[in-house]
Amino acid sequence: MSAFKSFILIALSFLLITCGNSESKKNNVSIRTNAKDNVVKLGETVTFSIHNPDNVDIASVRYKLNGNTISESLHLKNQKLGIQTVTATIDYGDSKEDLTSKITILNNQLPKIYGYEIVNIYPHDITSYTQGLEFHNGELYESTGQYGESKVRKVDYKTGQVLKNVDLAQQYFGEGLTILDDRVYQLTWRENTGFVYHVDTFEKMSSFKYGQSKEGWGICNDGTTLYKSDGTENIWLLNSETLAEASKLQVYTNKGKIIGLNEMEWINGKIYANRYQKNGVAIINPENGAVEGVIDFSPLRKLVTQHQGLDVLNGIAYNSETKTIFVTGKRWDKLFEVVVFEK
C-alpha cells in the first residue's frame, strides 16, 4: 500500500470517528432539575427534565438515581446524602443515549446538640498517640499512631496497666481499630494496609489492602459490616469476609459535607465519629450519612496534664456492660467515662 493511500485511509477513519462523536453534540440535550445549583434536601421533591433547545425528536426518557429507576418527579425521603448520580436514557427512535448529571442531597434537619457528664476518670498512658479505642468483653483495646511508636494493645482501663502489646514495624503509622468475630482489625494511615489479629493471642492472621479510599483513619462495625473512614466526608462499608469496599456513605448536614472523620464507634445503631482537630464527635445515621447530633468534648482537654506533646481529642469507645462512653486523646494521661444526653 502506498504512503498516499495510507494517508487517505487514516484521514477517512478520523472523519468517520469525528462524525460519530458529533451525534451527541448535534442533539445538544442535557439534564435539568428544578433545584438551584442542583442542591436539594430530604423532604423536598426534585423534578428532572431534558433541556432540548434544538427540538430534537425524542421518543422516550428513562431516569435513574444511582442505578435505580425513578420517575421524573422524585420526593426525597430515604435517599443517601451527598453527591449522587442521575442518569437519563434518551430514546431517539433509531438510537439511544445516556446522559449523566450530579445532584447534591442535604439533610433537612439541624444536628441536635448533646452534652455529657463525667462519671469516672481513669489513668491513660501519656505516651500513647491514641488512634483507635474499643471495648471487647469488658476489656479495652487501643491502637496508637506515629512512625516507630505504633502499636495495638489490650489495657485494664481501670488501672491503665497494659495486658498485651504488639508493636508495628517502623514503616507503619497505626490508625483505627475495631473487633469483630474474635478478630482485631487495625488500619494504617498512608500505607494502604490493614492488619487482622486474633483477639486472644494478638497473632497476626492476615492483612488487606484498601480500595478507592486512599488512607486509613477510623474503623468500627455493626456486628456484620465494617465501616472505614479516610479523613474525608466518606465512610466506606467493607465486606467483613473479603474486606472489599462494597459501598460508601457521604456524611452531610443540612448545610454541606463534614470532613475530617476520624476514629469511630458504633453505639446503639449510630456511628459516633471523632472529627480531627475539632475535639468533638458527630453522631451519624448509618443509613444515609446524616449528622443527627454533635458533642463538644473540647473542655476535657483542659482537665489532662498539659505538656508539649499534648494533642487533640481522639478515641471513643462504648462499654456495653456499663452503658457508658469512654473518651481520651492523643498523649492524654486520662481516660474519661461519660454519659451523654440531649440538651
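Quick notes on the rules
Residues numbered from 1 in each chain as written. Predicted model: local features only at pLDDT ≥ 70, side-chain atom pairs only at ≥ 80, totals over all residues. Heavy atoms only, no water. Helix = DSSP H or I, 4+ residues; strand = E, 2+ residues; numbered from the N terminus. Buried < 20%, exposed > 50% of the residue type's maximum accessible area, 1.4 Å probe, protein only. Contact = heavy atoms within 4.5 Å. pLDDT = per-residue confidence, 0-100. Core = buried A, V, L, I, M, F, W, Y, C linked by side-chain atoms within 4.5 Å.

A.B. asks: Would you explain unusual backbone geometry in this entry?
C.D. replies: Where the residue is not glycine, phi is negative for most of them; where a peptide bond is considered, it is trans in most cases. In this model, Asn-38 sits at a positive phi of 60 degrees, which is unusual for a non-glycine residue. Mapping Asn-38 onto the fold places it in the loop between strand S1 (30–33) and strand S2 (39–41). We note that Leu-243 has phi near 65 degrees; this positive angle belongs to a residue other than glycine. Accessibility expressed as a relative area gives 10% for Leu-243, which makes it buried.

A.B. asks: I'm lost on the environment of Glu-287 in this one. Help?
C.D. replies: Note that Glu-287 resides in the loop between strand S24 (280–284) and strand S25 (291–296). The exposed category is assigned to Glu-287, whose relative accessible area is 62%. Sequence-distant contacts of Glu-287, defined by excluding residues within four places in its chain, comprise Lys-80 and Leu-249.

A.B. asks: Hey, could you run me through the confidence of the model for the protein in this one?
C.D. replies: The predicted coordinates ought not to be read in detail in places where the model reports low pLDDT. Looking at the protein, pLDDT values average 91 and 92% of them are 70 or higher. Here residues 1–25 scores under 50 on pLDDT; set against residues more than four positions off or in separate chains, the count is 3 contacts.

A.B. asks: Could you clarify how one ought to interpret the nonpolar core in this entry?
C.D. replies: The nonpolar side chains of a soluble globular protein tend to be buried, and buried together. Counting 24 residues, the largest nonpolar core has Ile-31, Phe-48, Ile-50, Leu-74, Leu-76 and Ile-105 as its most contacted members. Broken down by secondary-structure element, the contributors of at least two residues to this core are strand S3 (45–51), strand S4 (60–65), strand S7 (82–91) and strand S8 (96–106). For this core, the element with the highest residue contribution is S8, accounting for 4 residues. With sequence-adjacent residues up to four places away left out, Leu-74 is seen in contact with Glu-44, Thr-45, Val-46, Phe-48, Leu-65 and Gln-79. Ranked by size, the runner-up nonpolar core spans 18 residues in total, among them Tyr-114, Val-281, Ile-283 and Ile-316.

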